[in-house]
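# Architecture and fold: a report
If you want the building blocks of each chain, they are given just below.
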Amino acid sequence: MSAVPAAPSSRPGSARPDKPPPPPFVLWGSLGLVGLTLVLGWDWEYGIGFSLRDIYDNLGRYNPVLEGVRNLDWSTLASPTVLAGFAETFQMAAIATILGGIVALPLALLNSVTGAPNTFVYVAVKNFNSFIRAIPDLIYAVFFVAAIGRGALPGVLALFFLSIAVIAKLTSDIVDGIDQGPVESARASGASHTQMVKTAVLPQILPGYTSFALYTFEINLRGSAVLGFVGAGGIGEVFNNYYQRGWYDRLVAVVIGFFVVVFIVDRISIAVRKRLL
Amino acid sequence: MARTSTGGMTDAQAQQRSEDIVRPEKPFNRFRWTVTITLLVLFFVTSATVDIELSQLAALPERTLFYLGLMYTPPDVTEAPSAITAMIESLGMAWIGTMIGAVVSFPLAFLAATNLFGKPVVFAARQILNFFRSVPEIVFLILLLPVTGLSPVTVALALGISSIGTLGKLGAEVIEGIEGGPVEAAAAAGGGRLQRIRWAVIPQVIPEIVALWLYRFEINIRNSAVAGAVGAGGIGTLLVRQIGQVREWAAAGTSLAIMVIITLLVDTISGRVRRRIIRGPTRAVDLGANAGEQPEGTGPGAGPKREGPTGSVGGGSFVPV
Amino acid sequence: MITFENASVTYPGGVQALRDVSLELGDGEFVVIVGLSGAGKSTLIRAVNGLVPLTSGTCRVGDQVVDAHDKKAIRALRAEVGMIFQTHNLVKRTTVLNNVLMGRLHRTATWRTLLGAYTKGDVELAMQALERVEIVEKAYVRASNLSGGQQQRVGIARALAQEPKVVLADEPTASLDPPTSHLVMRDLKSICRDLNITMLVNLPFLDLARAYGDRIVGLRAGELVYDGPAEEADENVFRDIYGRSLTADDVLEKEGSL
């Protein structure tokens, strides 16, 4: 190993260092990652009992889903209940996105230091948004179904809160990152806080906000699939119905139909959002 | 001869000029009007046709307040221990699901990055990721249930499968944001593709990718409520039972509060860890033996510098497209 | 050691970066390429290790023809040819040693490199390379914590860890201040002399080119317009290479003269 002869050491302190131990953050972080996985994955009181072996064994059993895939019942896609389910999903998603989008815009503005008139409002709105975001749509749905009965309304309300959570979060992040120049010049010209927001902040965030609202429509379409399981309307009621009865030949057909619909909406939405940004 | 305010021109000249240059009219913004009208029409048509009874809507405020009252006046904490146990189960489903998604999405993210692989490979990988992204958790859940049984493990699998799409897509975006220089250097040293990825790409992206996992964990905690739709355990199932089936409103209030508090607590911790991961260790700069060489970023006023290609995950947001 | 025969490169966009260049470099020669930006300096250097494929003509390193399309052969050739970059091209988030070990990628079993299980011999070579550029005490420091000059020395160590016969340097001083530039050039010069490595270096500055090069090659619009010993390259020669009169920006130290 003399291919690279060392130069005479002219600078002091050039001794080879010993290999240092890994940095504490990396060490504890990796241990935490593995530890958490073991604790939460193990089969004991506080773990869910994850076992690849069990899953492998289960794969060998009779599989009604594969059976359903083999005998797909496409005609079910044309049945009135399924069509009505799709229609209702669309209606719920559209109403919730529009109403949620309207409410989310001020919440997003107030969720940022630039957009909020004072620290109190900023902190209050930030916490309010976090609170809304911490409750899953299914829980909103089950609450409103219990409070006002089954149907599309509890579903719309659940998606409404979901929309607020998503749009406010994403939009407030762009409010935080806007160019501060216009804000400063609006203030310098003596504008009030509201005038400043209207002239300096809004024009900068509108394209992003609109794009997030469209994206939320897709999220709502997908989200509506679960709401029917607690009686909150939409295509989820069809899923639940077929699932409960074990009609996998129809269920898988509707799932594929749903996937195609979401896929098409996704493509359209991406095209429109590209135009916006 | 009076001078006008338009510089040194005479009135006649100014008039001449204003005839030449016509002030533009405010242009008609067709795109904006189309969007507005479409939205209005869409809203009214869907509202008019959707199956909602007005009586239901009218009763909404009063009923909501009434049931919130049942939940919290007075609060009933006797069921708190079972809610905490259920929440831990939810955390377990979310975490194991995230780890499944992380392991499967990791290679896919590289295959979906345009700066590493050719068009056909990237296209195929992206289609796979899109598929996992556009199918909701509940669908994976009900398709898995008959095979792996009504258990938290099945929920974790469903959450894991649906995490693959987002993690892979955002991971690919991180990978596409790397500096190309080190990859060229590895190529110039004779490294093959796997070696270039291992030594020039992975070290650049691993902090952001681990931060994405944590971010997805936060989302999966919320998504784990999907278990409640089929009764597969966790806090979602508990709440669906307490609110929707046995109607123990006071106990449900406590469960809801516990869910919100623990969710926000985990968010806070996870958010801090994510920011720390992306920022990297605080620079312990050793000026050492080489006087006259000032390390970049240690001059006056230089704050902690971001090296990452995308810093957005640190703030907990991503731009979905 | 390196031979170009009628080498031309045309980029997909239609830009012709090299036109019919023929050139021969001997063992252990220190050759500096000068020319305006866009004259084809980077292309010439990258043609040697196949990072840029020739569109016509040939390039040989030793007796091996550079063929960028033969993946296996080009990787073997690249292993013999070290390269130093303008922007250092270190992975800033990993340690100095890991960066230098990238120089061993081709010589070590792939599974070893993927796991990071380099042999003792590889680590020893990397350490020796770091000692050669006098930065071994930083071996376990993250590359982001080094100054620009230190990073460039790690870049040189990475090239040396390949045990190369040829080292290519693409404007190695471009992102450094004048004193550090001289340090780096002195390192390159002594490596060339002590280890008998052929050096092909791009330099934007005339004074550095004359101070360190044995031989100067001038490129203008992709064509070879000068090839001669450094001491003969006077102001007129540079004016000829550049196709314009010289300005203060053409030298590293503005007050210094040619």
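It is worth spelling out the overall build of chain B at this point. On a plain count of helices and strands, chain B comes out with twelve helices and zero strands. In chain B, the succession of helices and strands from N to C terminus is α-α-α-α-α-α-α-α-α-α-α-α. Of all 321 residues assigned to chain B, the portion counted as buried reaches 50%. Partitioning the intrachain contacts of chain B with sequence separation of at least 6 by distance along the chain shows that 73% fall at a separation of at least 24. Roughly 15400 Å² of accessible area belongs to chain B as shown, and the carbon and sulfur atoms make up 65% of that amount.

Assigned domains of chain A: these are domain 1 (24-58) and domain 2 (68-276). Summarising the inter-unit geometry, the C-alpha centres of domain 1 of chain A and domain 2 of chain A are found 33 Å apart.

Residues and elements named next belong to chain C. Read across the open sheet, the six strands follow the order 6-7-8-3-9-10; overall the sheet is mixed. Each of the sheet's edge strands pairs with one partner strand only, and the pair in question is strand 6 (81-84) and strand 10 (223-229). Strand after strand, the sheet turns through a mean of 15° between neighbouring axes, direction not considered. Pairing between strand 9 (residues 215-220) and strand 10: six bridges, direction antiparallel. Paired with R215 across the strands is P229, a residue of strand 10. This element, helix 1 (residues 41-48), spans strand 3 (30-34), strand 6, strand 7 (166-169), strand 8 (198-202) and strand 9 of the sheet and lies at about 150° to strand 8.

Tracing the sequence through the fold places I175 of chain B in helix 7 (residues 152-176). Sequence spacing of I175 of chain B and F110 of chain B is 65 residues, and the spatial spacing of their C-alpha atoms is 7.1 Å.

On to helix 7 (residues 178-195) of chain C, then. All names here are of chain C. Given a rise of 1.5 Å per residue, 18 residues ought to cover 26 Å, and the 26 Å separating the end C-alpha atoms of helix 7 matches this to within 8%. If you check which residues of helix 7 are buried, you get T180, S181, H182, V184, M185, D187, L188, K189, S190, I191, C192 and L195. Following helix 7 by one or two positions, N196 has its phi on the positive side, about 55°.

Evaluation of the coordinates by the stated rule reveals five cavities of 30 Å³ or more. Approximately 910 Å³ is the volume attributed to the largest cavity. Elements represented by at least two residues in the lining of the largest cavity include exactly helix 5 (119-134), helix 6 (137-148), helix 7 (152-176) and helix 9 (193-227) of chain A together with helix 5 (119-134), helix 6 (137-148), helix 7 and helix 9 (193-223) of chain B. Broken down by element, the lining of the largest cavity gets its largest block of residues, seven residues, from helix 7 of chain A. When grouped by side-chain class, the residues that make up the lining of the largest cavity number 27 nonpolar, four polar and nine charged. The wall of the second largest cavity is formed by S105, F106, A109, L167, G171, I209, L212 and W213 of chain B. Among the secondary structure elements, those contributing two or more residues to the lining of the second largest cavity are helix 4 (80-111), helix 7 and helix 9 of chain B. Each residue belonging to the lining of the second largest cavity can be placed in one class, and the counts come to six nonpolar, two polar and no charged.

A cis amide bond links T73 of chain B with the next residue in sequence, P74 of chain B, at an omega value of -5°. Position of P74 of chain B among the secondary structure elements: in the loop between helix 3 (54-72) and helix 4. Here N6 of chain C, not a glycine, exhibits a phi torsion of approximately 45°, which is positive. Mapping N6 of chain C onto the fold places it in strand 1 (residues 2-10). Positioned with a positive phi, E134 of chain C is a non-glycine residue whose angle comes to about 55°. In this structure E134 of chain C comes out as buried when scored by relative accessible area, which is 12%.

Our focus in this paragraph is the sheet that holds strand 4 (residues 56-61) of chain C. Residues and elements named next belong to chain C. What the four strands build is an open sheet, ordered 2-1-4-5; its pairing is antiparallel. Lying at the two open borders of the sheet, with one neighbouring strand each, are strand 2 (16-25) and strand 5 (64-65). As paired strands, strand 1 and strand 2 are joined by six bridges and run antiparallel to one another. Considered in strand 2, the bridge of A7 is made with V21.

This part covers the confidence of the model for chain B. Residue and element names in this part refer to chain B. In the predicted model, chain B carries a mean pLDDT of 85, and the fraction of residues at 70 or more is 82%. Within chain B, the lowest mean pLDDT, 67, falls on helix 1 (residues 11-20), and the highest, 97, falls on helix 4. Here residues 1-7 scores under 50 on pLDDT; set against residues more than four positions off or in separate chains, the count is seven contacts.

This paragraph deals with the interface of chain B and chain A. Opposite the 78 residues of chain B that make contact, chain A presents 70 residues. Both faces considered, chain B and chain A share a buried interface measuring about 6500 Å² in area, 76% of it formed by carbon and sulfur atoms. R133 of chain A is the partner of D267 of chain B in a salt bridge, and the nearest nitrogen-oxygen pair spans 3.9 Å. At the surface where chain B touches chain A, the tally comes to ten residue pairs in polar contact (both at pLDDT 80 or more). Tallying contributions element by element places helix 12 (residues 249-279) of chain B first for the side of chain B that touches chain A, with ten residues. Partitioning the side of chain B that touches chain A into residue classes produces 52 nonpolar, 18 polar and eight charged.

Right, let's get into the pattern of salt bridges. A full pass over the atoms with the stated rule returns 32 salt bridges over all chains. The partner of R70 of chain A in a salt bridge is E67 of chain A, with the nearest N and O atoms 3.3 Å apart. One end of the pair is R70 of chain A and the other is E67 of chain A, both in helix 3 (residues 64-70) and three residues apart, which spans about a single turn. Residue class for E67 of chain A comes out partly exposed when judged on its relative accessible area of 31%. Here the salt bridges share partners, and the residues they tie into one network are E80, R104, R107, D122, E163 and K165 of chain C.

Residue and element names in this part refer to chain B. Secondary-structure assignment places A109 in helix 4. Considering only alpha carbons, one finds A109 and T34, 75 residues apart in sequence, at a separation of 38 Å. Beyond its immediate chain neighbours, meaning those up to four positions away, A109 contacts G168, G171, A172 and I175.

This paragraph deals with a nonpolar patch on the surface. A grouping of V34, L38, V39, W42, W44 and Y46 of chain A is seen on the molecular surface, where their side chains present a nonpolar patch of about 620 Å² in accessible area. Tracing the chain through its elements places L38 of chain A in helix 1 (residues 24-41).

Glancing now at the layout of surface pockets. Taken as a whole, the second largest pocket encloses approximately 1400 Å³ of empty space. Forming the walls of the second largest pocket are 33 residues, and the residues nearest its centre are T210 and L214 of chain A together with V35, T36 and L39 of chain B. Secondary-structure elements contributing two or more residues to the lining of the second largest pocket are helix 4 (80-110), helix 9 and helix 11 (248-276) of chain A together with helix 2 (30-49) of chain B. At ten residues, helix 2 of chain B tops the list of elements feeding residues into the lining of the second largest pocket. Considered class by class, the residues forming the lining of the second largest pocket number 23 nonpolar, eight polar and two charged.

Looking now at the nonpolar core. Counting 218 residues, the largest nonpolar core has F239 of chain A together with I138 of chain B as its most contacted members. Here the element with the most residues in this core is helix 7 of chain A; it accounts for 16 residues. When residues of this core are sorted by domain, at least three fall in each of domain 1 (24-58) and domain 2 (68-276) of chain A. If we skip the residues at most four places from it in the chain, I138 of chain B touches A225, V226 and F229 of chain A together with V226, A229 and V230 of chain B. If you look at the next biggest cluster of nonpolar residues, it comprises 31 residues, including F4, I33, V81 and V166 of chain C.

What counts and what doesn't
- Residues numbered from 1 in each chain as written.
- Chains lettered and ligands numbered in written order.
- Predicted model: local features only at pLDDT ≥ 70, side-chain atom pairs only at ≥ 80, totals over all residues.
- Heavy atoms only, no water.
- Helix = DSSP H or I, 4+ residues; strand = E, 2+ residues; numbered from the N terminus.
- Buried < 20%, exposed > 50% of the residue type's maximum accessible area, 1.4 Å probe, protein only.
- Contact = heavy atoms within 4.5 Å.
- Areas by Shrake-Rupley, 256 points an atom, 1.4 Å probe, with all protein chains shown as cover.
- Domains from an automatic or database assignment.
- Pairing = 2+ DSSP bridges.
- Axes fitted to C-alpha atoms, helices over the stretch in contact; angles between N-to-C directions.
- Expected span 1.5 Å × (residues − 1).
- 1 Å grid on protein atoms, 1.4 Å probe; cavity = no way out; pocket = protein on both sides within 12 Å on 5 of 7 lines; lining within 4 Å.
- Points joined across faces, edges and corners; volume = space filled by probe spheres on them.
- Nonpolar A, V, L, I, M, F, W, Y, C, P; charged D, E, K, R; others polar.
- pLDDT = per-residue confidence, 0-100.
- Buried area = accessible area lost by both parts, 1.4 Å probe.
- Salt bridge = Lys/Arg side-chain N within 4 Å of Asp/Glu carboxyl O.
- Polar contact = N/O pair within 3.5 Å; in protein donor to acceptor, adjacent residues only side chain to side chain.
- Patch = residues over 30% accessible without salt bridge, like charges linked within 9 Å, V, L, I, M, F, W, Y side chains within 5 Å.
- Core = buried A, V, L, I, M, F, W, Y, C linked by side-chain atoms within 4.5 Å.

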